[in-house]
Amino acid sequence: MNVLQMYEPHSALFASPMGTLLTYGSKKRQFFTNASGLLAQQARQLLRAHPEVEYMVGLLPFNTNQPAQLLIPEQAHYTKGYSYAKNTTYASTAIQHIQARPTAAVFEKQVEQALAALQQTPPLQKLVMARHLDLQLSQALDRTALLDALWQKNPKGYTYAIPLDNSTDPATFLGASPELLLRKQANRVYLNPLAGTALRDLADPEQDQRIAQQLQASAKDRHEHAIVIENILEALSPFCDHLTAAATPSLVSTATLWHLSTEIHGELKSPYADALTLALAVHPTPAVCGHPTLLARDLIESIESEHRGFFAGAVGWMNQAGDGEWAVAIRCAHYQNQQLRLSAGAGIVIGSDAQAERIETGNKLRTMLNALQIPDEQIQQGITQ
Ligand SMILES: C=C(O[C@@H]1C=C(C(=O)O)C=C[C@H]1O)C(=O)O
């Protein structure tokens, strides 16, 4: 099945190496916060009220005190296995205007503020700072072309598009995340957090390998990564009989970046918690927030000048059995009315350098900028603005 040929602007798409979910229409679209801790229960009720539909699609915001979107589609089709088939020859997206929010200079100041908070606030060990690029398009977004490019350039990742309303050119949250938040199937849960990043050198394979080895040997990146793994194991252990994580991180690559990665496997305690309950227990991980979580989230919201919305949230699905797959909502764009907001963050620990972190966010923004086929000068101008 060529999934993208069947995709339309009101479809939700969630493609992973395990399988692809494609939906049509919306029977019920609800926005609930998790402020009272009831979101997973509300999702289960919604599924139970629509037994004729097997899947619910979900989009969690970074801060789950803000509303998450739960969508019961009219129809849902799940195809097992990897299902990408090249669809369109995509043209570049004409951009009228690019605006960095905040600018590179202000972002570096915010990283300095984060570093000061890390020095002054003893329990605080890590803060992820984010920035955004606002793109004004000349016409409505060609979602199929963008998804085709994202999927083609990121074949090992999680390509997604979630419509946010029923209008003719619906607001849409879309992207290609390299990071699985969790997959839950029957009594098994699998997570694959990433943290620690280096820019690849695609022109020189030997240098590219050296960069990867340096990343694996970097004490700063190993520390940043270890915080994520410890935090996830702690959050998940009440739900599990067995929980194991590789002792040392391995390397994974995207089209442009190296990341440190750890695979975590768990066997759930009976009765098994559902996929959304588990996702909410670990989200936001210190890969996108910091540690300790709530202190980091408050500081992020006081230092960052923009709301993150669904960026650094989670995107995925849950079925009637409570199984599901959720990715960390990064390498993404929020589209609305010919405007695209691209977002990226970088983990700050004591020893981080503000300029290097700003450059890292620029490298992460390239996933979307490259897929949009924006000319390189315009990309440079946008990410250094
Ligand atoms: C926050 C982002 O990425 C996360 C942060 C990383 C890091 O700080 O090294 C690496 C991968 C992701 O977990 C992003 O892409 O915006």
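These numbers were taken from a predicted model, which means no experiment stands behind them.

Considerations on the packing of aromatic side chains
Here is step 1 of the chain: For the coordinates displayed, the defined rule picks out 7 aromatic pairs.
Here is step 2 of the chain: Their ring planes at 20° and their centres at 5.8 Å tell us that Y55 and Y78 sit as a pair that is stacked. With Y55 in strand β4 (residues 55–60) and Y78 in strand β6 (residues 75–80), this pair connects stretches of sequence that are 23 residues apart.
Here is step 3 of the chain: The exposure class of Y55 is buried, given its relative accessible area of 12%.

Concerning the pairing of strand β16 (residues 257–261)
Side chains on a regular strand alternate between the two faces of the sheet.
Here is step 1 of the chain: Taken across its 5 residues, β16 has 5 buried, putting it largely inside the fold.
Here is step 2 of the chain: Burial along β16 is two-sided: L257, H259 and S261 facing one way and W258 and L260 facing the other are all buried.
Here is step 3 of the chain: Where strand β13 (residues 194–199) lies against β16, 4 bridges are found, and the strand directions are antiparallel. Note on β16: the bridge partner recorded for T197 is H259.
Here is step 4 of the chain: Of the pairings in the sheet, the one linking strand β15 (residues 250–253) to β16 comprises 4 bridges and is antiparallel in character.

Some words on the packing of helix α3 (residues 104–120) against helix α9 (residues 354–371)
Here is step 1 of the chain: Two elements in contact, α3 and α9, have axes separated by 9 Å at closest approach and are oriented at 125°. As judged from the angle between their axes, α3 and α9 are oblique. Seen along the crossing, α3 lies across α9 with a hand that is right-handed. When α3 is examined against α9, the residues A104, F107, E108, V111 and E112 are found in contact with a partner set consisting of A354, Q355, E357, R358 and T361.
Here is step 2 of the chain: Each residue belonging to the contact of α3 with α9 can be placed in one class, and the counts come to 4 nonpolar, 2 polar and 4 charged.

A few points about the site of the ligand
Here is step 1 of the chain: Taken together, 17 residues lie around the ligand, and E179, G196, T197, R331 and G345 are the ones closest in.
Here is step 2 of the chain: At a separation of 3.5 Å, an oxygen atom of the ligand approaches a polar side-chain atom of E360.
Here is step 3 of the chain: Relative to its unbound accessible surface of 390 Å², the ligand loses 100% to contact with the protein.
Here is step 4 of the chain: Residue assignment for the shell around the ligand shows that the elements contributing at least two residues are β13, β22 (339–348) and α9.
Here is step 5 of the chain: In terms of residue class, the shell around the ligand is built from 7 nonpolar, 5 polar and 5 charged.

Some thoughts on the confidence of the model for the protein chain
Here is step 1 of the chain: Residue-level pLDDT values for the protein chain average 95, and 99% of them are 70 or greater.
Here is step 2 of the chain: Confidence metrics for the complex model read pTM 0.97 and ipTM 0.99.

What counts and what doesn't
Residues numbered from 1 in each chain as written. Predicted model: local features only at pLDDT ≥ 70, side-chain atom pairs only at ≥ 80, totals over all residues. Heavy atoms only, no water. Phe/Tyr/Trp six-rings, centres within 6.5 Å; stacked < 30°, edge-to-face > 60°. Helix = DSSP H or I, 4+ residues; strand = E, 2+ residues; numbered from the N terminus. Buried < 20%, exposed > 50% of the residue type's maximum accessible area, 1.4 Å probe, protein only. Pairing = 2+ DSSP bridges. Axes fitted to C-alpha atoms, helices over the stretch in contact; angles between N-to-C directions. Parallel < 35°, antiparallel > 145°, perpendicular 65-115°, else oblique. Left-handed = near helix turned anticlockwise from the far one by under 90°. Contact = heavy atoms within 4.5 Å. Nonpolar A, V, L, I, M, F, W, Y, C, P; charged D, E, K, R; others polar. Near = heavy atom within 4 Å. Polar contact = N/O pair within 3.5 Å; in protein donor to acceptor, adjacent residues only side chain to side chain. Areas by Shrake-Rupley, 256 points an atom, 1.4 Å probe, with all protein chains shown as cover. pLDDT = per-residue confidence, 0-100.

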